[in-house]
Amino acid sequence: MADSTAILYQHAGPTNTPSIASAATALAANPARGAWMIQNLGQNALFVRLGAGASTSVFHAVLKGSSANDDGTGGTIAQEAGTVYTGEITIAGTSPRYTVLEI
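Everything numeric in this text was worked out from a predicted model, so none of it was measured.

Trainee: Help me get a handle on the environment of Lys64, residues and values and all.
Mentor: Relative to the assigned elements, Lys64 resides in the loop between strand E5 (61–63) and strand E6 (76–79). Of the residues examined, Lys64 reaches a relative accessible area of 54% and is grouped as exposed. Along the primary structure Lys64 and Ala45 are separated by 19 residues, whereas in three dimensions their C-alpha atoms are 4.9 Å apart. Apart from residues lying up to four places away in sequence, Lys64 is in contact with Asn40, Thr73, Gly74 and Gly75.

Trainee: Tell me about the side chain of Thr90, residues and numbers included.
Mentor: Along the chain, Thr90 turns up in strand E7 (residues 89–93). Note on Thr90: relative accessible area 1%, which makes it buried. Here Gly51 takes part through its backbone oxygen, which lies 2.7 Å from a polar atom of the side chain of Thr90. A polar contact is formed between the side chain of Thr90 and the backbone nitrogen of Ala54, at a distance of 3.1 Å.

Trainee: Explain unusual backbone geometry to me, using residue names and the numbers behind them.
Mentor: In this model, Asp70 sits at a positive phi of 65°, which is unusual for a non-glycine residue. Judged by its relative accessible area of 42%, Asp70 falls in the partly exposed class.

Trainee: Residue-level account of the side chain of Arg97, with values.
Mentor: Within the secondary structure, Arg97 sits in the loop between E7 and strand E8 (98–102). Classification of Arg97 by relative accessible area gives buried; the value is 18%. A polar side-chain atom of Arg97 sits 2.5 Å from a polar atom in the side chain of Asp70.

Trainee: Describe in detail the nonpolar core, supporting the description with residues and values.
Mentor: The biggest cluster of nonpolar side chains holds 12 residues, and these are Ala26, Leu27, Trp36, Ile38, Leu46, Val48, Leu63, Val84, Ile89, Ile91, Tyr98 and Val100. Those elements giving two or more residues to this core turn out to be strand E2 (24–27), strand E3 (36–40), strand E4 (46–50), E7 and E8.

Trainee: If you had to explain the sheet that holds E5 to someone new, which residues and values would you point to?
Mentor: The strand order across the open sheet formed by 4 strands is E2-E7-E4-E5, and the pairing between neighbours is antiparallel. For this open sheet the edge positions go to E2 and E5, each flanked by a neighbour on one side alone. Across this sheet, the average inter-strand angle for adjacent strands is 35°, counted without regard to direction. Bridge count between E4 and E5: 3 bridges; the pairing is antiparallel. When the bridges of E5 are listed, Leu46 appears paired with Leu63.

How each quantity is defined
Residues numbered from 1 in each chain as written. Predicted model: local features only at pLDDT ≥ 70, side-chain atom pairs only at ≥ 80, totals over all residues. Heavy atoms only, no water. Helix = DSSP H or I, 4+ residues; strand = E, 2+ residues; numbered from the N terminus. Buried < 20%, exposed > 50% of the residue type's maximum accessible area, 1.4 Å probe, protein only. Contact = heavy atoms within 4.5 Å. Polar contact = N/O pair within 3.5 Å; in protein donor to acceptor, adjacent residues only side chain to side chain. Core = buried A, V, L, I, M, F, W, Y, C linked by side-chain atoms within 4.5 Å. Pairing = 2+ DSSP bridges. Axes fitted to C-alpha atoms, helices over the stretch in contact; angles between N-to-C directions.

Nothing here speaks to function; it is all geometry.
Put into structure tokens, the structure is as follows:
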């Protein structure tokens, strides 16, 4: 079990990319992962896939955009209890801007 008080990885996505031609890895696979969270910080939808190859047509969740960059109103997805997905998590979208937390 992962140490639930340690922050292992935090990432803010690119802010100037007009679009992503292929998926970007938000979290690499981590068999020790105890919890994770992704929040959309940008104004455009963020597409999240549990696995490789996220795109705007291949995804598991769509996180709504914020009213303004970094205002905290963007959509969030998380697994904090129970069986936590430990594989790669990828994102896609137009001008992706996000934060990731892994414990």
